[in-house]
Amino acid sequence: SANFLAGEMLLDQSDLCIDKAAECYINMHELAKASKMFVMMAEGCKESNLRRFNAKSKLFMSILCELAITMEFEAVTLSQALDWKGDPRVRDKEEEEEEMKKATLVEFQRVEKIKYDEILSKVKNYEEIDYMWANCKEQLFVKNIIRFRLTYDKHEFADHLYHWNMVRPFDRIQLRLI
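Since we're looking at a predicted model, the values are computed, not measured. (Residues numbered from 1 in each chain as written. Predicted model: local features only at pLDDT ≥ 70, side-chain atom pairs only at ≥ 80, totals over all residues. Heavy atoms only, no water.)

Chemist: I keep staring at the environment of Phe 73 and nothing clicks. Help me out?
Modeler: Note that Phe 73 resides in the loop between α4 (55-68) and β1 (81-82). For Phe 73, a relative accessible area of 41% translates into the label partly exposed. Taking the C-alpha atoms as reference points, Phe 73 and Phe 108, separated by 35 residues in sequence, lie 7.1 Å from one another. Residue contacts for Phe 73: discarding those within four places in its chain leaves Glu 107, Phe 108 and Val 111. (Helix = DSSP H or I, 4+ residues; strand = E, 2+ residues; numbered from the N terminus. Buried < 20%, exposed > 50% of the residue type's maximum accessible area, 1.4 Å probe, protein only. Contact = heavy atoms within 4.5 Å.)

So this is what it looks like as structure tokens:
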């Protein structure tokens, strides 16, 4: 229906159909597809001066979808424990649990860094889609959220969400993504 409406030059109605389709993808947990649909709508918004102001909100939703995508971890395996002579030895249960926690945390931080670096590069690339994205509040909000997540500052994270919500209330889908 979105293609039919776009062919009839009813672009606002076409975007509404694409928006609902993206919402369905979010509900089905296919966030990468939803993100692409929001980018597609933002690219369409730059074609018209009247629709250009909608591009920021579409790019913002795309980034929220990217933030909500779960991270894929590799299975963590511990190397053989060695004694002071360099001979293999058996770890006791507590030592093995502690080493496994450390190895899992290192893997989590590695995957987290990769995910957020990719998102930040997308944030930067979105400036090519909409020149107003470079200085908008949505971009700053996303960068702050990523910074708070990487530093594990849950209080600043919560405060930032609270204050943003007081100025620009989150809708149901945005809350679900966050």
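Chemist: Help me out: how do you make sense of the environment of Ser 121 in this one?
Modeler: With respect to the element layout, Ser 121 can be found in helix α5 (residues 93-125). Given the relative accessible area of 36%, Ser 121 is considered partly exposed. A distance of 2.8 Å separates a polar atom in the side chain of Ser 121 from the backbone oxygen of Glu 118. (Polar contact = N/O pair within 3.5 Å; in protein donor to acceptor, adjacent residues only side chain to side chain.)

Chemist: What should I look at first to understand unusual backbone geometry in this one?
Modeler: The phi angle of most residues is negative, glycine excepted, and most peptide bonds adopt the trans form. With a phi close to 65 degrees, His 29 is a non-glycine residue in the positive phi region. By the secondary structure assignment, His 29 is in the loop between α2 (11-27) and α3 (31-45). Taking the relative accessible area as the measure of exposure, His 29 reaches 60% and is therefore exposed.

Chemist: Would you explain the pattern of salt bridges in this entry?
Modeler: Side chains that carry opposite charge are capable of pairing whenever their charged atoms lie near each other. Counted by the stated rule, this structure contains nine salt bridges. A salt bridge links Lys 58 to Asp 19, with the nearest nitrogen and oxygen atoms 3.6 Å apart. Here the residue Lys 58 occupies a position in helix α4, and Asp 19 occupies one in helix α2, the gap between them amounting to 39 residues. When its relative accessible area of 16% is taken as the criterion, Lys 58 is described as buried. Across the pair Asp 117 and Lys 113 runs a salt bridge whose closest N-O atoms are separated by 3.2 Å. Taken as a pair, Asp 117 and Lys 113 lie in helix α5 at a separation of four residues, close to a single helical turn. By relative accessible area, which is 36% here, Asp 117 ends up partly exposed. In this structure, a network of salt bridges that share partners links the residues Lys 20, Glu 23 and Arg 172. (Salt bridge = Lys/Arg side-chain N within 4 Å of Asp/Glu carboxyl O.)

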